[in-house]
2 protein chains.
Amino acid sequence: MSGYVRALAGQARAAALVLAGTDAATRRRLIEGMAARLEHDRDAILAANAEDIARGRGAGLGSALLDRLMLDAARLKGIADALRDVAAQPDPLGQVTRREVRPNGVVVERQRVPLGLIAMIYEARPNVTADAAALCLKAGNAVLLRGGSEARASNAAIAASLHAALRAEGLPEAAVSLVADPAREHVLELLQLTDLVDLAIPRGGESLIRFVAEHARVPVIKHYKGVCHLYVDRAADMDKALGLLLDGKVSRPGVCNALETLLVHRDIAQAFLPSALAALKARGVEVRGCERTQALGPGVLPAADADYAAEFLDLVIAVRVVDRLEDALAHIACYGSDHTEVIVTDDPHAAEAFVRGTRSSAVMVNASSRFNDGGQLGLGAEIGISTTRLHAYGPMGAESLTIERFVVRGEGQVRHPESSLPPAGG
Amino acid sequence: MSGYVRALAGQARAAALVLAGTDAATRRRLIEGMAARLEHDRDAILAANAEDIARGRGAGLGSALLDRLMLDAARLKGIADALRDVAAQPDPLGQVTRREVRPNGVVVERQRVPLGLIAMIYEARPNVTADAAALCLKAGNAVLLRGGSEARASNAAIAASLHAALRAEGLPEAAVSLVADPAREHVLELLQLTDLVDLAIPRGGESLIRFVAEHARVPVIKHYKGVCHLYVDRAADMDKALGLLLDGKVSRPGVCNALETLLVHRDIAQAFLPSALAALKARGVEVRGCERTQALGPGVLPAADADYAAEFLDLVIAVRVVDRLEDALAHIACYGSDHTEVIVTDDPHAAEAFVRGTRSSAVMVNASSRFNDGGQLGLGAEIGISTTRLHAYGPMGAESLTIERFVVRGEGQVRHPESSLPPAGG
């Protein structure tokens with residue numbers, strides 16, 4: 001342990017106390033100032049990004065990764081606009097969420113306070129540097145950012161703009177602290193700092209998330225893969241089912257709320273699957289199905305067990321015909337990832353059985369899996385979608401970066417008044 | 001890894017799905033049935049407890065530990081009554097906590113659901129076996145209980161009663177699963193089961209909690225020590241201050257919400273401390289103080305740095321005179337344990353500065369630290385007091401054993417309607 005990260009986290013933790021004391025107007029102005037500063041510093045940020053891109057090309061990064069890494073004026077404006085959206089969100093802090101007067105007269109309030117210091121560990125996209133910082137600051141937290149080394153110049157340039165905005169408000173720069181040295185040992189050190197880091201959020205590929213989850217002593221909220229299911233019930237409206245299938249699988253196959261598996265009730269399989277499989281095929285989707293599925297469409301490949309557990313993130317889908325709704329639930333319990341499940345049905349009993357029988361972060365009844373997203377569900381920007389069944393489950397907005405604590409106000413009430421009596425013999 | 005604990009957890013996880021599907025009336029009846037069954041099985045439970053006590057005596061357990069281990073008819077009735085209180089609490093599940101209709105017409109609901117499978121790892125007190133099971137079941141969870149080996153006969157007898165109550169409701173016994181084999185390797189194995197265990201709650205001494213926190217891959221909510229502070233502001237009412245000091249330090253020194261450190265503003269030190277120190281001394285409290293404290297009371301021992309970090313759990317208190325409220329806050333930030341802090345003041349500005357400047361789970365203004373307790377704060381029974389700043393902070397009742405997820409209801413809405421259009425050339 002070098003102590004480098006501990007020193008950084010210590011400063012960030014001290015800054016968190018300052019942030020926690022700010023009011024809503026200050027935090028709003030701060031984040032608007034960050035957006036303006038990013039636009040003001042555009043040339044410097046794009047130059048730094050060009051440096052990352054050139055180094056990435058030299059290192060042989062693939063085109064998908066280079067595209068995620070790349071910034072241009074339009075993308076930078078998108079980042080600034082996203083920050084303005086965060087600034088405009090309702091303030092998540094300070095509200096008294098509950099209030100009760102106890103029989104002894106003390107007033108018990110629950111109050112939202114910041115988590116403290118949040119560590120974000122993420123990969124290529126430099127926009128996360130700005131997004132995550134804005135959401136953490138909106139909720140009065142400090143943030144320790146450890147981005148991928150491939151984006152280090154971009155991240156440093158973005159952080160410099162954010163620091164300028166912090167300075168303009170008289171707030172400590174350390175509220176947004178960047179782990180500039182990309183050595184992996186620093187991530188390891190960071191994940192051990194239980195006295196300084198209140199929460200670590202890994203965001204990126206499955207291997208990054210597993211690395212963080214395996215090595216962390218600090219609390220972690222994970223955003224694992226989405227193996228999302230669409231179940232077409234016997235009582236489904238087939239037009240809706242087809243629309244939801246195509247939206248879920250085709251509209252953006254590389255995201256975590258895209259569909260990976262289609263489950264079809266046997267009573268509707270013959271009516272639904274032939275046209276559904278043809279529609280998938282026409283859009284270039286490779287289908288891997290059970291034997292009953294294979295019998296209903298040409299060109300369906302046999303599905304292996306691993307296909308039902310896979311997050312393809314591509315134009316591939318696994319399909320299985322099930323005998324009963326309960327079998328669909330059992331399949332999801334076995335292969336699912338607690339992310340998003342959809343039922344298509346006009347039978348309210350089937351809908352309720354499905355909602356009750358799944359434990360995922362979002363259950364959709366006749367609505368697309370693609371709605372599992374902070375913006376779509378009305379939370380504003382999100383810092384990720386939690387599949388950890390603790391603290392937050394599903395999309396996490398600024399409110400998820402707070403915690404309720406107790407504030408008790410009295411007039412000297414004690415629990416055992418006899419403690420104040422003179423002692424025996426006194 | 002023996003696989004013994006994995007098999008046990010797998011059964012408990014399956015039972016959790018059954019529990020999640022029960023209604024409020026069933027869970028209430030179940031917990032009332034558990035209370036009745038414990039009383040019905042009294043002789044068997046007390047006989048098992050006598051066995052533990054005899055074995056503990058033979059092994060040389062101290063009298064405090066033996067007292068915590070010991071059950072008699074009155075204590076067993078207390079356990080049953082506590083279960084009836086849990087049964088009577090409002091049901092924490094199924095409510096729709098928020099509901100919003102989005103512009104596209106989909107209805108977004110937030111719904112409280114159980115966490116799933118909770119592992120309790122605890123020490124001597126056999127009442128935890130019943131309490132923890134009841135709270136977990138109230139919130140629709142299954143529980144995996146690993147008590148201390150010194151209480152193994154008592155825990156097994158209590159679990160047998162709980163199983164009888166589960167059977168009477170047609171529910172799986174595995175909803176309350178006991179790790180009967182006391183080998184520590186089973187705890188280690190349990191703490192790695194990220195695919196089965198949703199939350200681990202250690203309850204007991206600091207070394208147990210550290211062991212769990214260090215080895216867990218599953219999420220943990222810790223209930224560490226309470227180094228609770230009383231700050232007597234310059235604007236304090238001295239009678240209230242003395243009452244709060246004695247209630248906090250003397251009424252039950254062995255609990256986590258007892259006071260360990262007294263901080264006194266220098267402007268009131270000369271007026272307050274001599275009588276306060278005398279009152280403490282008269283009740284047998286050993287005082288370890290700073291130089292200014294030593295000058296104000298006879299027999300004050302010098303306080304070492306370690307005394308300010310100590311959870312004495314005994315009739316010992318550390319005292320320091322501070323120059324300003326900010327110094328009290330800095331002291332608490334340095335030595336505190338995020339548990340409970342108290343300010344005594346008639347100055348509302350000082351009170352708010354103190355509330356804002358501390359990050360502990362409970363902040364008391366002119367009220368005793370001893371109120372940081374689920375029953376006192378209106379939550380009913382508690383499974384512990386969280387000092388983890390995530391998910392729950394402060395006393396945890398049944399509601400803290402649930403999580404909100406998203407249920408979205410639509411009529412076929414999709415995010416990208418163009419996905420359904422015939423493909424180009426189709």
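Predicted, not measured: the structure shown is a model, and the values here were computed from it.

Rules used throughout
- Residues numbered from 1 in each chain as written.
- Chains lettered and ligands numbered in written order.
- Predicted model: local features only at pLDDT ≥ 70, side-chain atom pairs only at ≥ 80, totals over all residues.
- Heavy atoms only, no water.
- Helix = DSSP H or I, 4+ residues; strand = E, 2+ residues; numbered from the N terminus.
- Buried < 20%, exposed > 50% of the residue type's maximum accessible area, 1.4 Å probe, protein only.
- Areas by Shrake-Rupley, 256 points an atom, 1.4 Å probe, with all protein chains shown as cover.
- Contact = heavy atoms within 4.5 Å.
- Buried area = accessible area lost by both parts, 1.4 Å probe.
- Salt bridge = Lys/Arg side-chain N within 4 Å of Asp/Glu carboxyl O.
- Polar contact = N/O pair within 3.5 Å; in protein donor to acceptor, adjacent residues only side chain to side chain.
- Nonpolar A, V, L, I, M, F, W, Y, C, P; charged D, E, K, R; others polar.
- Pairing = 2+ DSSP bridges.
- UniProt positions renumbered as here; feature names shortened; annotations may be inferred.
- Expected span 1.5 Å × (residues − 1).
- Arc of directions from axis to C-beta.
- Right-handed = clockwise from strand over helix to strand, strands pointing away.
- Least-squares fit on C-alpha atoms with pLDDT ≥ 70 in both.

Once that is clear, we can look at the overall build of chain A. Along the backbone of chain A there are 15 helices and 16 strands. For chain A, the spread of C-alpha atoms along the principal axes amounts to about 85 × 70 × 40 Å. The proportion of buried residues among the 426 residues of chain A is 57%. Accessible area for chain A stands at about 15,800 Å²; split by element, carbon and sulfur atoms hold 51% of it.

On the side of chain B, 82 residues touch chain A, which itself brings 82 residues to the contact. Buried area between chain A and chain B, summed over both chains or domains, comes out near 6,700 Å², and the portion from carbon and sulfur atoms is 52%. Taken together, the connections running from chain A to chain B amount to 6 salt bridges. Among the salt bridges present, the one from Asp198(B) reaches Arg359(A), with a minimum N-O distance of 3.1 Å. Scanning the region where chain A abuts chain B turns up 49 residue pairs in polar contact (both at pLDDT 80 or more). Looking at the side of chain A that touches chain B, the element that brings in the most residues is strand 16 (residues 402-413) of chain A, giving 11 residues. Grouping the constituent residues of the side of chain A that touches chain B by class yields 34 nonpolar, 24 polar and 24 charged. Both strand 16 of chain A and strand 13 (residues 362-367) of chain B contribute to a ladder of 5 bridges, which runs parallel. Looking at strand 13 of chain B, one finds that Phe406(A) is bridged to Ala362(B).

This part takes up the UniProt feature "domain: Aldehyde dehydrogenase" (unreviewed entry) in chain A. In this structure's numbering, the residues bearing the UniProt feature "domain: Aldehyde dehydrogenase" (unreviewed entry) are residues 6-298 of chain A. As annotated, residues 6-298 of chain A comprises 52% helix and 17% strand, and the C-alpha atoms at either end are separated by 60 Å.

Our focus in this paragraph is helix 3 (residues 42-58) of chain A. Residue and element names in this part refer to chain A. The terminal C-alpha atoms of helix 3 lie 24 Å apart, and with 17 residues this matches the ideal 24 Å at 1.5 Å per residue to within 8%. Those residues of helix 3 lying buried are Ile 45, Ala 48, Asn 49, Asp 52, Ile 53 and Gly 56. All buried residues of helix 3 fall inside an arc of 145 degrees around its axis, so they share one side. Across helix 3 from its buried face, at more than 90 degrees, point the exposed residues Asp 43, Arg 57 and Gly 58. Considering only its buried residues, helix 3 is in contact with helix 2 (24-40), helix 4 (63-69), helix 5 (73-88) and helix 7 (152-168). One or two residues past the end of helix 3 sits Gly 60, with phi positive at roughly 80 degrees.

It is worth spelling out helix 9 (residues 206-215) of chain A at this point. Buried residues of helix 9 of chain A: Leu208(A), Ile209(A), Phe211(A), Val212(A) and Ala213(A), and no others. Turning to helix 9 of chain A, the residues buried within the fold contact strand 3 (117-122), helix 8 (184-190) and strand 6 (199-203) of chain A.

Okay, the side chain of His163(A) next. Residues and elements named next belong to chain A. Within the secondary structure, His 163 sits in helix 7. In terms of polar contacts, His 163 uses its side chain to reach the backbone carbonyl oxygen of Glu 173, at 3.4 Å. Among all residues touching His 163, those that are not within four sequence positions of it are Glu 173 and Val 176.

This next bit is on the pairing of strand 7 (residues 228-232) of chain A. Residues and elements named next belong to chain A. In terms of burial, strand 7 is largely enclosed, as 5 of its 5 residues are buried. Residue alternation in strand 7 divides its side chains into two sets, Cys 228, Leu 230 and Val 232 and His 229 and Tyr 231, and both sets are buried. In this fold, strand 7 hands off to helix 10 (residues 238-250), which returns the chain to strand 8 (residues 259-265); that crossover is right-handed. In this structure, strand 7 lies alongside strand 12 (residues 340-344), joined through 4 bridges in parallel fashion. Paired with Val 232 across the two strands is Val 344, which belongs to strand 12.

Right, let's talk about the relation of the copies chain A and chain B for a bit. For the pair chain A and chain B, the superposition axis carries a translation of 0.0 Å, the fit reaches an RMSD of 0.0 Å, and the rotation angle comes to 180 degrees. Taken together, the rotation angle and the small translation identify this as a two-fold axis. Judged by C-alpha distance, His391(A) is the residue of chain A that lies nearest the rotation axis, at 1.9 Å. An overlap of 100% is found between the interface residues of chain A and their copies at the interface of chain B, pointing to a shared contact surface.

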